[in-house]
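Tertiary structure, described
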Amino acid sequence: MKILVTGGAGFIGSNYIRQVLAMEDGREIVNLDALTYAGNLENLKDIQDDSRYTFVKGDIGQRGDVERVFAEHRFDAVLNFAAESHVDRSLHVGVDAFIATNIQGTQNLLDASREHEVKRYLQVSTDEVYGSLGDEGYFTETTPLEPNNPYSATKAGADCLVRAAGHSHGLEVVTTRCSNNFGPFQFPEKLIPLMIANAQEDKPLPVYGDGLHVRDWIFVEDHCAGIDLVLREGKADEVYNMGGNYDVPNIEIVRNILQILGKPESLITYVEDRPGHDRRYAIDSSKIQRELSWERAYAFPQAIEKTVEWYLSNDGWLQNLRSGDYQDYYRMLYGERSDAAEGLDLA
Ligand code: NAD
Ligand code: TYD
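Residues numbered from 1 in each chain as written. Chains lettered and ligands numbered in written order. Predicted model: local features only at pLDDT ≥ 70, side-chain atom pairs only at ≥ 80, totals over all residues. Heavy atoms only, no water.

Overview of the site of ligand 1
This is how it is decided: Whether a residue is near a molecule or strand depends on its heavy atoms: if one lies within 4 Å, it is near. Any N or O atom pair separated by 3.5 Å or less is treated as a polar contact, with the protein-specific requirement of one donor-capable and one acceptor-capable atom, and with residues adjacent in sequence counted only for side-chain atom pairs. Computed with a 1.4 Å probe, the accessible areas rest on the Shrake-Rupley method; for each residue, only the protein chains presented here act as cover. Numbering of helices and strands runs from the N terminus; a helix is a DSSP stretch of H or I covering at least four residues, while a strand is a stretch of E covering at least two. The residue classification treats Ala, Val, Leu, Ile, Met, Phe, Trp, Tyr, Cys and Pro as nonpolar and Asp, Glu, Lys and Arg as charged. All others, Gly included, are polar.
Around ligand 1 there are 28 residues in total, and Asp33, Asp59, Ser85, Tyr151 and Lys155 lie nearest to it. The separation between an oxygen atom of ligand 1 and a polar main-chain atom of Ile12 is 2.8 Å. Measuring from a nitrogen atom of ligand 1, one finds a side-chain N or O atom of Thr101 at 2.9 Å. Bound to the protein, ligand 1 loses 96% of the 830 Å² it would expose on its own. Elements supplying a minimum of two residues to the shell around ligand 1: α1 (11-23), β5 (120-126), α5 (150-169) and β7 (180-182). Looking at side-chain class alone, the shell around ligand 1 contains 13 nonpolar, 12 polar and three charged residues.

Below you can see the structure in the form of C-alpha cells.
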C-alpha cells in the first residue's frame, strides 16, 4: 500500500509519518511538501533514508506539482495535512496563502485523487471550523460550521469541498476535526512551544487578552493514531472529532510550563488580544471512541512534561527556527503589542 501524505515536513505530518513507518505494516509513504516557513526536513532526519519513504518538494496549490506526483506514483490513499495553519498569520500577514493552499490546494488533491482512482481521501481538519462555544457545551460532528477567522474560514471551505467531492463525484472521503495539538516538532509560533522557548530564555510570555480563552489540548501522537484509525476504518463521507479531554484556560497552560521549567510567573505578560479571538473550544470525541474504539494513550500532565523535555534536549532544532525570518515575524506580531504590555520589549 502506498500513501500520499501532504505537509509531512510540518508538525503533525512528520509525527504521523514516523508513527506509520514504525508500524512496519508494509506501507510506503510519499511526502509532498512545499517547505514553507513551517516545513522542515530536519523533522524527518531519522527516517530520511528509509527505503519506504520518498520526499517530493511541491506545492499542492499548483496543479502541475500535484499532477506530477500522481503521474509518478500510484496511491491507494491520500492524506492532506498540508495547510497554512497559524491563525495569527492569517490575521496579520495575509490571507492569500491560506486560500491558495487550504482551498485551492485541497481541490487540486481531490481532483487528482478522483482522476487517478485513489481508494480513500482523508482531510485533516480542525475543531476551529465550528467557531466558538459559550461557557457550556461541546463541539459534535453536527455542530454547524461557523468559522471566525481567515484560517478557520479556509479550513471550513476545504471541508465543504471534500464533502462535495464525496457527494457529487463518489470519491471515498473521510474528515477528521481535532483540537489543539502539542508535542515534539511544533513550530514555535504556537502557544506551547513559544512559551517553552521564551521561558527558557527568561523572555516575557505574551498571553493574549485576559488569558481565560479555553482550548482543548491533545498530544500529537494520540491525534496521529486517530487519523490512522479513520483512514483504515472510518466510514466514507463521515466526519470524526478528536480532542484531548483537557479543556483549560490558556493561563493555566502557561503556568504549568513555568512550573515544569522552574521559572517565575513574573515572566507572564498580558498583551493586546487577538482580534475576534474565539473564547472557548471543547470537543466531544464520543463518536470516534464509540464507533472506532479510539482511545488516548497520553494524559496531559505526563505529555506536557515529555514535550518540555523534548524542547530542552532539542535546543539546536529550536534555535535554527528562531533565527532568520522568524525574528522578523516575531517583531512584527509582538512588537505591535508592546504598548499593551506597558512598554515591555516583547520583541
Ligand atoms: P504546520 O504548519 O506545522 O505544517 C504545515 C506543513 O504543510 C508544512 O510542512 C508546510 O511546508 C506544508 N505546506 C504548507 N503549504 C503547502 C503547500 N501549498 N503545498 C505543500 N505543502 C505545504 O501544521 P500542523 O500543525 O502540522 O497542521 C497540519 C494539519 O493539521 C493542518 O491541516 C492543520 O489545519 C491541521 N490541524 C492542526 C492542529 C494543530 O493544533 N496544530 C489541530 C487540528 C488540525
Ligand atoms: P495557538 O497555539 O495559536 O492555536 P489556535 O489559535 O489555533 O488555538 O493559540 C492557542 C491559544 O493561545 C489561543 O487562545 C491564543 C493563545 N495565544 C496567546 O495567548 N499568546 C500567544 O503568543 C499565542 C501564539 C497564542
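After presenting the structure, the write-up continues.
With respect to the pattern of salt bridges
This is how the line gets drawn: Here, a salt bridge means any Lys or Arg side-chain nitrogen found within 4 Å of an Asp or Glu carboxyl oxygen. For each residue, the accessible area found with a 1.4 Å probe, counting protein chains only, is set against the maximum for its type, and the residue is called buried under 20%, exposed over 50%, and partly exposed in between.
By the definition in use, this model includes 21 salt bridges. One salt bridge in this structure joins Arg290 and Glu291, with 4.0 Å as the shortest N-O distance. Looking at Glu291, the relative accessible area reads 36%, which means it is partly exposed. Salt bridges sharing partners connect three or more residues here, namely Asp25, Arg27, Asp228 and Arg232.

Regarding the packing of helix α6 (residues 191-200) against helix α8 (residues 250-261)
Applicable threshold: For every element, the axis is a line fit to its C-alpha atoms; helices are fit only across the contacting stretch, and the angle between N-to-C directions ranges from 0 to 180 degrees. Should an angle fall under 35 degrees it is taken as roughly parallel, and over 145 as roughly antiparallel, whereas 65 to 115 is taken as roughly perpendicular and any remaining angle as oblique. Two helices cross in a left-handed way if the nearer one is turned anticlockwise from the farther one by less than a right angle. They cross in a right-handed way if the turn is clockwise. Here a residue-residue contact requires only that any non-hydrogen atoms of the pair lie within 4.5 Å.
Here α6 crosses α8 at 40 degrees, and the two axes come no closer than 10 Å. Accordingly, the angle class assigned to the pair α6 and α8 is oblique. For the element pair α6 and α8, the recorded crossing hand is right-handed. From α6, Leu191, Ile192, Met195, Ile196, Ala199 and Gln200 reach across to α8, where they touch Asn250, Ile253, Val254, Ile257, Leu258 and Leu261. The class makeup of the residues in the contact of α6 with α8 is 10 nonpolar, two polar and no charged.

Let's talk about the site of ligand 2
Operational definition: Note: domain ranges come from an automatic or database domain assignment.
Neighbouring ligand 2 are 19 residues, the closest being Glu128, Pro206, Arg274, His277 and Tyr334. The contact in question runs from an oxygen atom of ligand 2 to an N or O atom on the side chain of Asn180, over 2.9 Å. Taking His277, its side chain carries an N or O atom lying 2.7 Å from an oxygen atom of ligand 2. Contact with the protein chains removes 97% of the 510 Å² of surface that ligand 2 exposes when unbound. Of the residues in the shell around ligand 2, the class split is eight nonpolar, five polar and six charged. Two domains share the shell around ligand 2, each providing at least three of its residues, namely domain 1 (2-181 + 217-242) and domain 2 (184-215 + 247-278 + 301-334).

Observations concerning the sheet that holds β5
The following threshold applies: Pairing between two strands is assigned when DSSP locates at least 2 bridges connecting them.
Taken together, the seven strands give an open sheet; going across it, the order is β3-β2-β1-β4-β5-β6-β10, and neighbouring strands pair in parallel fashion. Strands at the two margins of the open sheet, each flanked by one partner only, are β3 (53-57) and β10 (239-242). Taken over all neighbouring pairs, the strand axes of this sheet differ in orientation by 20 degrees on average, direction set aside. One ladder, built from four bridges, connects strand β1 (residues 2-6) with strand β4 (residues 77-80); its direction is parallel.

Points about the packing of aromatic side chains
Convention followed: Note on ring pairs: Phe, Tyr and Trp rings are taken, using the six-membered ring of Trp, and paired if centres are within 6.5 Å. Classes follow the plane angle, with under 30 degrees stacked, over 60 edge-to-face and the rest tilted. Note on geometry: a ring has a charge over it if NZ (lysine) or CZ (arginine) is within 6 Å of the ring centre and within 35 degrees of the ring normal.
One pass over the full model with this rule turns up 20 aromatic pairs. An angle of 80 degrees between the planes, with centres 6.0 Å apart, marks the rings of Phe185 and Trp317 as edge-to-face. One end of the pair, Phe185, is in the loop between β7 and α6; the other, Trp317, is in helix α11 (residues 315-322), with 132 residues separating them in the sequence. Judged by its relative accessible area of 13%, Phe185 is buried. For Trp317, a relative accessible area of 6% corresponds to the buried category. Stacked on the ring of Tyr329, the Lys or Arg Arg89 has its end atom at 3.9 Å from the ring centre. The side chain of Arg280 reaches across the aromatic face of Tyr138, ending 5.9 Å from its centre.

A word on α5
We count it as follows: Expected span of a helix: the number of residues minus one, times 1.5 Å.
With 20 residues, α5 should reach 28 Å at 1.5 Å per residue; the first-to-last C-alpha distance of 28 Å fits that figure. Considered for burial, the residues of α5 that qualify are Tyr151, Ser152, Thr154, Lys155, Ala156, Ala158, Asp159, Val162, Ala165 and Gly166. Where α5 is buried, its residues touch α3 (87-92), α4 (96-115), β5 and β6 (173-178). A side-chain oxygen of the first residue of α5 lies 3.1 Å from the backbone nitrogen of Tyr151; this N-cap is Asn149. Directly beyond the C-terminal end of α5, a positive phi value near 75 degrees is found at Gly170.

Description of the domain arrangement of the protein chain
For the record, the criterion: Buried area: the accessible area, evaluated with a 1.4 Å probe, that two parts lose upon being put together, summed over both parts.
Looking at the protein chain, the domain boundaries give domain 1 (2-181 + 217-242) and domain 2 (184-215 + 247-278 + 301-334). With 27 residues of domain 1 at the contact, the number on the domain 2 side is 25 residues. In total, about 2400 Å² of surface goes out of reach between domain 1 and domain 2, with carbon and sulfur atoms giving 57% of it. Note that Asp88 and Arg274 form a salt bridge whose closest N and O atoms lie 2.8 Å from each other. Sorting the residues of the side of domain 1 that touches domain 2 by element identifies α1, α3, β7, β9 (214-219) and α7 (220-233) as the ones contributing at least two each. In terms of residues, the side of domain 1 that touches domain 2 owes the most to one element, α3, which gives five residues. For the side of domain 1 that touches domain 2, the class distribution of residues is nine nonpolar, 13 polar and five charged.

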